[in-house]
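Geometric and topological summary
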Amino acid sequence: MSKLIIVESPTKVKTIKKYLGGEYDVVATMGHIRDLPEKRLSVDIKKDFKPKYEIIKGKEKLVDELKERAEKSSGVLLATDPDREGEAISWHLAYILGLNTEDKNRITFNEITKSGISSGMEAPRTIDIDLVNAQQARRILDRLVGYKLSPFLSQKIRRGLSAGRVQSVAVRIIVDRENEIRAFVPEEYWTLDAKFIPQGSRKAFAAAFYGNEDGKIKISNKEEADALLKELEGAQYKISKLKKGTRRKSPAPPFITSTLQQEASRKLGFQARRTMKAAQELYEGVELEGLGATGLITYMRTDSLRISEDAIQEAVQYIGERWGKKYLPDSPRHFKTKANAQDGHEAIRPTTISLSPDKVKASLTNDQYKLYKLIWERFVACQMANCLQSTTQVDILASTGHLFKASGYIVTFDGFTVLYEEGKDEETKEGGSLPPLEKDMALKCKELLGNQHFTQPPPRYTEATLIKALEENGIGRPSTYASTISTITGREYVVRDGKALKPTELGEVSTKLMEDRFPKIVNIRFTAQVETDLDRIQNGQTNWVDTLKSFYGDFEKTLKQAKEEMQGVKIQLKEDETDIICEKCGRRMVIKTGRYGKFIACPGYPECKNIKKLIQENGAQCPKCDGKVVVRRSKKGRVFYGCSNYPACDFVSWDEPVQEKCPRCGKTLLRKKGKTPKLYCITPDCGFEKMEGQDE
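Rules used in this analysis
Residues numbered from 1 in each chain as written. Predicted model: local features only at pLDDT ≥ 70, side-chain atom pairs only at ≥ 80, totals over all residues. Heavy atoms only, no water. Buried < 20%, exposed > 50% of the residue type's maximum accessible area, 1.4 Å probe, protein only. Helix = DSSP H or I, 4+ residues; strand = E, 2+ residues; numbered from the N terminus. Arc of directions from axis to C-beta. UniProt positions renumbered as here; feature names shortened; annotations may be inferred. 1 Å grid on protein atoms, 1.4 Å probe; cavity = no way out; pocket = protein on both sides within 12 Å on 5 of 7 lines; lining within 4 Å. Contact = heavy atoms within 4.5 Å. Expected span 1.5 Å × (residues − 1). Phe/Tyr/Trp six-rings, centres within 6.5 Å; stacked < 30°, edge-to-face > 60°. Lys NZ or Arg CZ within 6 Å of the ring centre and 35° of its normal. Points joined across faces, edges and corners; volume = space filled by probe spheres on them. Nonpolar A, V, L, I, M, F, W, Y, C, P; charged D, E, K, R; others polar. Salt bridge = Lys/Arg side-chain N within 4 Å of Asp/Glu carboxyl O. Pairing = 2+ DSSP bridges. Axes fitted to C-alpha atoms, helices over the stretch in contact; angles between N-to-C directions.

Some words on helix α4 (residues 114–121)
Of all the positions in α4, only G116, I117, G120 and M121 are classed as buried. Down the axis of α4, the buried side of the element spans an arc of 130°, and every buried residue falls inside it.

Brief notes about the UniProt feature "site: Interaction with DNA" (unreviewed entry) in the protein
UniProt records the feature "site: Interaction with DNA" (unreviewed entry) for H32, R138, R139, D142, Y147, R301 and R491 in the present numbering. Maximum C-alpha separation among the annotated residues is 27.4 Å over a sequence range of 460 residues, too wide for a single clustered spot. For the second largest cavity, the lining residues among the annotations just cited are H32 and R139. With respect to the element layout, R139 can be found in helix α5 (residues 129–156). With residues up to four places along the chain from it excluded, the contact list for R139 reads D35 and L36. Along the chain, the position of D142 falls in helix α5.

A short note on helix α10 (residues 309–323)
With 15 residues, α10 ought to run about 21 Å at 1.5 Å a step, and its terminal C-alpha atoms sit 21 Å apart, in line with that. Every buried residue of α10 is accounted for by A311, I312, A315, Y318, I319 and W323. End-on view of α10: buried residues confined to an arc of 130°, all on one side of the axis. Exposed positions of α10 whose direction lies more than 90 degrees from the buried face are D310, Q317 and E321. Here the buried face of α10 lies against α12 (366–382). After α10 finishes, the residue G324 shows a positive phi value of roughly 100°.

A closer look at the packing of aromatic side chains
A complete count under the given rule lists 16 aromatic pairs for this structure. With a centroid separation of 5.4 Å and an interplanar angle of 85°, the aromatic rings of Y318 and W376 are classed as edge-to-face. Taken as a pair, Y318 in helix α10 and W376 in helix α12 lie far apart in primary sequence, 58 residues in all. The burial state of Y318 is the same as that of W376; both residues are buried. With 5.8 Å between their ring centres and 70° between their planes, F640 and W654 make a pair best called edge-to-face. A residue pair is termed long-range when its members are at least 10 positions apart, and F640 in strand β25 (residues 639–643) and W654 in the loop between β26 (652–653) and β27 (656–661) qualify at 14 residues. On the accessibility criterion, F640 (17% relative accessible area) is buried. Through a chain of ring-to-ring contacts, three or more aromatic side chains come together here, namely F49, F526, F551, Y552 and F555. Of note, R247 hangs over the ring of Y409, and the distance from its end group to the ring centre comes to 5.1 Å. Across the ring face of Y210, the terminal group of K405 is positioned such that the distance to the ring centre comes to 4.8 Å.

Structural notes on empty space enclosed by the protein
One pass over the full model with this rule turns up two cavities of 30 Å³ or more. Along its surface, the largest cavity is lined by L153, S162, A163, Q167, S168, V171, Y493, S510, T511 and M514. Elements supplying a minimum of two residues to the lining of the largest cavity: α6 (167–183) and α15 (505–517). Among the residues making up the lining of the largest cavity, the classes are represented as five nonpolar, five polar and no charged. Roughly 30 Å³ of internal volume is contained in the second largest cavity. Taken together, H32, R34, D35, Y53, H92, Q135 and R139 make up the lining of the second largest cavity. Listed by contribution, the elements that provide at least two residues to the lining of the second largest cavity are β3 (34–35) and α5. The residue inventory of the lining of the second largest cavity, partitioned by class, reads one nonpolar, three polar and three charged.

Thoughts on the pattern of salt bridges
Considering all chains together, one arrives at 48 salt bridges under this definition. Here E492 ties to R158 by a salt bridge, and the two come within 3.7 Å at their closest N and O atoms. Of this pair, E492 sits in the loop between α14 (481–490) and β17 (494–497) while R158 sits in the loop between α5 and α6; the two residues are 334 residues apart in sequence, bridging distant segments of the chain. On the basis of relative accessible area, E492 is assigned to the partly exposed category, the value being 28%.

Concerning the sheet that holds strand β1 (residues 3–7)
If you trace the three strands from one edge of the open sheet to the other, you get β2-β1-β7, paired in parallel fashion. The open sheet has two edge strands with one neighbour each: β2 (24–28) and β7 (76–78). In this sheet, neighbouring strand axes are inclined to one another by 20° on average, regardless of whether the strands run parallel or antiparallel. The pairing of β1 with β7 spans three bridges and is classified as parallel. Among the inter-strand pairings, I5 is bridged to a residue of β7, identified as L77. Here helix α2 (residues 60–72) sits on the sheet and contacts β1, β2 and β7; the angle it forms with β2, its principal contact strand, is near 165°. Strands in contact with helix α3 (residues 84–97) are β1 and β7; relative to β7, the strand with the most contacts, it is inclined by about 155°.

Right under this line is the structure:
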């Protein structure tokens, strides 16, 4: 009889079987198999919040199969993912299959490789009930908030709304930033920007006005700038101070879940969900030519910067062979994990350094390759030598006593930057190299201009900066950020404007209601404290039922008060109004959301029951028949475009038609999204295309 190993993902099955052979039967649960049912609260609040779990609909057949296989096996090993959710799935499996939770039947794999699987098999343990209770507490907390608050929001604002312990705070952060932008009052300021040429040279370099030897001078308007420019007319310039130094630039640490999501957003334009999907596939195993199913990265849900010594030595050897010993630091690098992080797993790294991105490219999808390259380069670079830069700072003194400053650098040794440099959320202006300069050297002023500027409001959040803000404030867990962002955009609390996240009126109104009526739920500190409490449950430091009691007492009282004080109140959104006039009663019709999606209805209901189908136009003409292009959604919610004359016209496209016309044939152009968006024509025999924004 073989032993049964139960994992979560079917992708892992093949990889694990390859290494363990025929002595083991491996089967996947495809995620959770038992949970709180969707349409009932299923939490007995009066009996210490006892959850009433049920087999997830559609998984009954799988459960029967698992029971049958378990009975025929010589033993069962629970090998679900090594985190809270995975531990809970193992606990549910133990209950369903009648396994003893005191037995050492739980194993975990940090990486799906021969050594990773071998290590996991050699260290069976009992199910960690503290980890399970932390997951149960989180699940019940989220159920209580969602189940109690969502109907309230739907009743007061719009049908189909949801509230969540983490999602509502995420929306508030975005709304708060929008309010900052609105309240921002630009301030005028001026700079004096000069170009100097050193004596005996032809190369000019830039310098900026600073003030005088007594300190910095702020230039607030044109009059002040013009007065300074007049004073500086005919002035002589020389270098009064010159300072040279060496700057050491260190590599970024290896990825954890949150930094991987941020960097993939910055460098690859990936949304968090897309990043985690590709990372999951790389962890679970990919069919490699000549090697079969192979896990390419370690577990991708981690807060830890810990790296195994074996992985460090493998990286050191690779760097030495590929770039030479000068590209290695004096000693291997170790990175400090922040105090409140879970240290159960290593940082995200490639499982085998010698499997460089180029070697596996042919076996990977485009997303898998891009993300693997990012992870591989970041990890290898973290064990490389510093980048060395020779810096120069100069003070330039005018004969009038005014002072200009310039700085620059040259790279004297590229170090880790030969392979990888971390992306930035905002571009910073850094001076390039300066020509050879010496103290007291005379300079010729080639150009001196006054330039007007205005202070800028803070930028809207992008996925990368929102994830950073959530992590810094201790909101949610990095493993949940992808689903949180998908929820707030899917529910239309937030829309994407390019890379920026912008709150809708719905997001702002619902946040205002939550702030007024449920301030704790959208309070950043309170939500972070809940996350800390969950960590304390996981570490066995506090009781999970006590945590739920502490939260629920105040929450129930607040909800009851809100319902009483807002009885009969309905908030009407401006954005729900349309310019369509009801032909039956003359009112301006509004957009409503029903069980089957959005439709247009008369606000005079029940006196007037006029309704219409909602057709959203995008403003472009159909490239086939010149009808109107309408926005549609597939069964999975993906946006596509069709013609309003359907079925007479069969035009349909995933790419968005735009208002710009083809310069060759006059038909509507379509936009192909990507890192470099392009416009193209689908008219047969035309073939016109161009980069977006480029002249014909």
